Every structure is written in C-alpha cells, then in structure tokens.
Amino acid sequence: MTPADLSGAVRAAVAQCLAAGDFGGAPPADVLIERAKNPEHGDYTTNIAMRLAKPAGRAARDVAAAIAARLAPVEGIARVEVAGPGFLNITLATASLGELARAIVSAGASYGHGDALAGQRINLEFVSANPTGPVHLGHTRWAALGDSLRRVLAATGAEVVAEHYINDFGAQIDKFAASLDAVARGREVAEDGYHGEYVVDVAKQVVDAHPDVLGLPEDQAVAVFTSVGYQLMVDAARTSLQRFRVEFDVWFSERSMHASGEVEAALELLREQGHVYDTDGAVWLRTTDFGDDRDRVLIRSNGEKTYLAADAAYYLDKRRRGFDRCIYLLGADHHGYIGRLRTIAACAGDDPDQTLDVLIGQLVRLVRDGHEVRLSKRAGTIVTLDDFVDLVGVDAGRYSLARWSADTPLTLDVAEITRSSNDNPVYYVQYAHARTCNAKRNAAELGIRLDVFRPELLDSPHESVLLAALGDFPSVVATAAELRAPHRVARYLEELAGSYHRWYDACRIIPSGDGEITDVNRTRAWLNDATRIVLANGLDLLGVSAPERM
RNA sequence: GCCCCCGUAGCUCAGUGGAUAGAGCAGUCGCCUUCUAAGCGAUUGGUCGCAGGUUCGAGUCCUGCCGGGGGUACCA
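Residues numbered from 1 in each chain as written. Chains lettered and ligands numbered in written order. Predicted model: local features only at pLDDT ≥ 70, side-chain atom pairs only at ≥ 80, totals over all residues. Heavy atoms only, no water.

**Some details on helix α4 (residues 94-107)**
To keep it simple, the criterion reads: The secondary structure listing takes helices from DSSP runs of H or I that are at least 4 residues long and strands from runs of E that are at least 2 residues long, numbered from the N terminus. Multiplying 1.5 Å by the residue count of a helix minus one yields the expected span of that helix. For every residue, the accessible area obtained with a 1.4 Å probe (protein chains only) is divided by the maximum for its type, and the residue is called buried under 20%, exposed over 50%, and partly exposed between those limits. Contact between two residues is taken to exist if any of their heavy atoms lie within 4.5 Å; hydrogens are not considered.
In this model, α4 (14 residues) spans 21 Å end to end at C-alpha, consistent with the 20 Å of a helix rising 1.5 Å per residue. The set of residues buried in α4 consists of Ser-96, Leu-97, Gly-98, Leu-100, Ala-101, Ile-104 and Val-105. For α4, the elements touching its buried residues are β2 (44-46), β4 (87-92), α17 (461-482) and α19 (519-542).

Right, here's the structure in full:
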C-alpha cells in the first residue's frame, strides 16, 4: 500500500463516517498522509481528524475515533490508533508495506513521475548570461537549479521549454566590442570596458578568423568584433553549459526582437492598453498602477529603448508561443524586476499570479583563504563555470549547488569545493547507489533471482523505515515541482541513502559464508533493487550520475 | 525612506500549521575473519534573533522591533 493508496483509504473512511452521521461537515479536499517521525507512532500519521473537528463541532479525538473504527478493517492496515490531540497513527501490515518494493521495481525509471502538472506548458528561463563574458559561478547556481527544476517539472507531467535569453543589444555589447577592438590594436581598454583575460583570447580569435579586420575603418572593425565576438561568447557559453549537462531548448536573442520590430509592436500594444505616457521627452510605463513605487522608462529621451521595452516584447513573445506559465529564475540583484514583469503581464491583460513565476535566488559568495572573492565579469577576477567544473567535477558541482534552497545566501569555500572528499554529500548518495549495484551483482552471482517475493518477510524496523522512505519519493518530486524547489530532491536522497546504509548494515542481502539462500534473501534483493531505482531516478532529476561502481 | 531575502547546534544548512526541532561537518568513544569502512553505532551540543498576536497546536502564518545581505537609474 502506497501513501497515495492510504490517503484514498482514509478519504473513503471519512466519507463513510459522513454518510453514517458519525459527525457532520464536508468531505475534505485532500487528506495529508505523513510518515511518522517517531516509530512508536506507527508507519504513517494524519491530522485529518483535527482539521475536521472544528466544522463538525466535535472533539478531535472523537472524530479520530470514528474514522479509526472505519479504517481499521481495511485490508493491509494492521493498526489504527488515536493519539495526542487527535492524530491517527496508522501501522500497515508488514506485507502491505513491503509490497511497495515490487511496485517500484515494476515501475522502474518511471517511479516517482506523476501527472500533477499534465497539460501545462511552462517556459523556464534561467542563466541568461550576458554574451560579454564567460558563464561564472553566479550563473552556475541557476544552471544547476534551473536544469534540475526543468527535470522535476517534466517528471510531474509538464511540457517544459528551457530558455536562455541573450542580451545582445545595447551599451554593454557595444562596450564589449570596443574592448575587443582596443585589445586587438594593443591599445588601453576604456575604464568602463571589459578587462578580463578572456577579452584578449576572444580578440585574438576574432583576428585569427578575420585577419583583415584591423585594416578596416574603425566602425566596420567594431561591427566585426561585435558580431564575431558575440557568436564566440554564445558558443562558449553553450559549450560550458553542455559540459555541465545543462541544455537549453531555445537561445533567444534580444537583438532579433529589435530587428524584427517586435519591440515596437509590444510598445504599441502597451500603449493601446493605456499604460504608456510621454513625459520629458521619454516614454514611460505606468508601473505604479500595479504596485511599483515609481513609473519606469521604456524609451529614453535620446530615443534608445530600455531593457524593460525588450522584456515586455519578450514576455509577449512567450505568451504568443503558447506558454501557460513563464518561470524566471533571477538573482537577488534583479528582484526589482518582479514588479516590472508583473506589470508587463497585467498591462497585457494577463493575471500575473496565473502566468508568472519569478524565483529570486540569493547570490553566491565565494570565500578563499578567509576573504571574499568578488564575482565581477568586468574586473576579471572571476571563477567561471569551467573553473568550477575543473575543480570539483560536474557531479559534485551540480549537487553541491542544487542541494540548497534558492533563498539561502550561499557561501562556498574554495578549499571545500576543491576538496573532493567523502564529506561531500554527493558521494554519500552516489556511494549508496553504487552499493545497491554491487549488492545486486553479488546476489546475481549467487543465483539469487527476483522470482520469489514475500513482502511479509521484510519485518525489520530498518526495513519499515527504508520502505516508508521509498514510498515518499513521488510526493517529494511533486512537492519539489509545485514549490519550484529541486533541493528537496537532494535532501530526500540524502535521507534515503542513510536509511539504505543502515538497512544494509543490519540486514544481509546474501547469506554469510556458506549459508543457505532463503526467501528472505530473495525478497531483500527486491528491496535492494527498489532502492537502486529510486536513487537512480532521484539523481537523474538532479542531473548527477549514478555510478555502478565506486 | 521604500522593496526583497536571511537570522535554527561551534560551523554550513534542512524543516509545504502538528507530537520530544533535524542532518552533515567539527568534538568525544567504539565497530572491518562475513555482501564496498566513500559505511555503521554511541555520545556531546538549542532562549528556532526579540516582543506581541492568530488557534486545539507556531521554527512555520500576521504585526512591530533588532541584526546581516541585496535592491531601489532616462544603467545593463
């Protein structure tokens, strides 16, 4: 019996109570089943009686007792107890709990996947690094988190398109091209230009590809540096991200919207909706209509369009492409964008609560030798995604970034990242997976096959704990998708790995020495395999490999 | 001034209104003649920043403070 089955059984018991007049009220929309934290509280617990007590006008313990009476006879349920202020503590029959192992093995790679978001088309935008420098550690956090979120959303049934926006229009790209031009000519780069080492490399690559560039008139040369340099930076970003196992379905160019007239059209649409006005020679969007503390400029008095204008066009473009929801993963330094994006959506006639999801992630700080390393693309003292992967590898890198909530300001110590040792939780989880594989190989060598399954033999407390943990996986994935919190998957895997290691330590899968192979061994091989599957499925959601040997 | 995030064990952090607040690391003490010791067990460690409020119940929700970080351009 899975937690979902149990939830259904409780709901049915409540319905019987209501029909029989045990207590009054409306049937609950949902019945939350939780794993009991304390083994004395059985396998599962629910607070449904306490939630129903008030509308029913009855004591919670009385309501609980009525539900318990109707729930206890259900097949697979061994015991139902009323406890504390009105909890229902449910103990499953050993065989009923153990049955989960077979269900997981037969579901395989699809175990944990669900359809809670089926039918939803989601646009997920993350990283969106400017094409004026390498992808750095700050972006890397969103790469790990965003790509895991993409996987989690897809596993929950959504149709997800991962998108990378390229800010290839405006002053920064111009400064970048000017910096390339200056470096190529051996001149000093402007104070507000780009000074990183990579600028020299890119300038050299442009000159190598276009040996005649320095002979062109200055403006034509800068045009070459702009287009070629831009392409090199985008390719570099794509390559770095791919190496980090992060793939985007769409790389969207800001410049293309300016060129196609899409930005103009977006401004027209906003104007038609009545949220645009002209003052002091500039064109403004009345964002204060939607809670902003001041209005924002769309077109500056010098005629240049601001980012906000392009952002509006981009949002409208996404909606035109049929996305029900647009998720943006932005750094905390962009949190002011929430209001503006919501305004854009509202001005376009959408309900921002329905179509927008702006996730604000706190910034990553990097500490080395006791003091902070500044992450600035322009200063040149940056840790890039490539540096990061070189130091810790893809698995440890992705995992160590994805296991924290986006709300947590993250302080990473270079020495700690560099140390690829066993105090990194990723190894703990991966080792558990490798162990399941090893146990599977050993069992197969001894001729233990998955032909006999007697779940009633999985009666050790360690087995109850492990089975209950395995049963949690689908709801963990669903919650991670709903809350856009993929770190929950990582935390869950750490807990599961712990339960597995403890079970492995206490319950032998293969007999010791020349011991006889019994149905206990065969049944435990199922449980081992079920654990292997869940660990592998979970690691896949994080984009981390599940090694068969370590 | 206004807005966002954070404040939980020595450190880094989990914790979708539930029971005695958890994990890893650090510290202390143990466990390899038997399936991987990248493992397991035991133990030490807490005014969940402070004060009110909401209710059967608050680390969690609300209000106000205190402390830290970030944002608040006709920058990108």
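**Let's talk about the protein's contact with RNA strand B**
In plain terms, the rule: For this description, a residue counts as near a given molecule or strand if any of its non-hydrogen atoms is within 4 Å of it. For this analysis, a polar contact is any N or O atom pair within 3.5 Å, provided that within protein one partner can donate a hydrogen and the other can accept it, and provided that sequence-adjacent residues contribute only side-chain to side-chain pairs. Under this grouping Gly is polar, as are all residues other than the nonpolar Ala, Val, Leu, Ile, Met, Phe, Trp, Tyr, Cys and Pro and the charged Asp, Glu, Lys and Arg.
Around RNA strand B sit 62 residues in total, of which Tyr-337, Thr-408, Tyr-431, Asn-438 and Asn-442 are the nearest. Within 4 Å of the protein, atoms of RNA strand B come from sugar and phosphate in 64% of cases. The backbone of Asp-407 places a nitrogen or oxygen atom 3.0 Å from a sugar or linking oxygen of RNA strand B. Tyr-428 is positioned such that a nitrogen or oxygen atom in its side chain is 2.6 Å from a phosphate oxygen of RNA strand B. Every element with two or more residues in the surface near RNA strand B is listed here: α2 (48-56), β4, α6 (171-184), β9 (282-285), β10 (296-299), α16 (425-445) and α18 (487-506). Each residue belonging to the surface near RNA strand B can be placed in one class, and the counts come to 23 nonpolar, 21 polar and 18 charged.

**Section: the pattern of salt bridges**
Pairs can form between side chains of opposite charge whenever their charged atoms are close. Formally: Salt bridge criterion: a side-chain nitrogen from Lys or Arg within 4 Å of a carboxyl oxygen from Asp or Glu.
For the structure on display, the rule yields 39 salt bridges. Across the salt bridge formed by Asp-192 and Lys-175, the nearest N and O atoms sit 3.5 Å from each other. Of this pair, Asp-192 sits in the loop between α6 and α7 (197-209) while Lys-175 is found in helix α6, placing the two residues 17 residues apart along the sequence. Since its relative accessible area comes to 45%, Asp-192 is described here as partly exposed. For Asp-390, the salt bridge is made with Arg-243, and the minimal N-O distance between the two is 2.5 Å. With Asp-390 in helix α14 (residues 385-402) and Arg-243 in helix α8 (residues 218-243), the pair connects residues that are 147 residues apart, well separated along the chain.

**Section: the packing of aromatic side chains**
Convention followed: Working definition: rings of Phe, Tyr and Trp (its six-membered ring) pair if their centres are within 6.5 Å, and the pair is stacked with planes under 30 degrees apart, edge-to-face with planes over 60 apart, and tilted otherwise. Our definition puts a charge over a ring when NZ of Lys or CZ of Arg is within 6 Å of the ring centre and also within 35 degrees of the ring normal.
For the coordinates displayed, the defined rule picks out twelve aromatic pairs. Residues Tyr-165 and Tyr-314 carry aromatic rings whose centres are separated by 4.3 Å and whose planes lie at 15 degrees to one another, so their mutual orientation is stacked. Pair noted here: Tyr-165 is in strand β6 (residues 159-166) and Tyr-314 is in helix α11 (residues 307-320), with a separation of 149 residues, a long-range link. As far as burial versus exposure is concerned, Tyr-165 and Tyr-314 are alike and both buried. Through a chain of ring-to-ring contacts, three or more aromatic side chains come together here, namely Tyr-111, Phe-473 and Tyr-492. One cation-aromatic arrangement involves Arg-403 over Trp-404; the distance from NZ or CZ to the ring centre is 5.2 Å.

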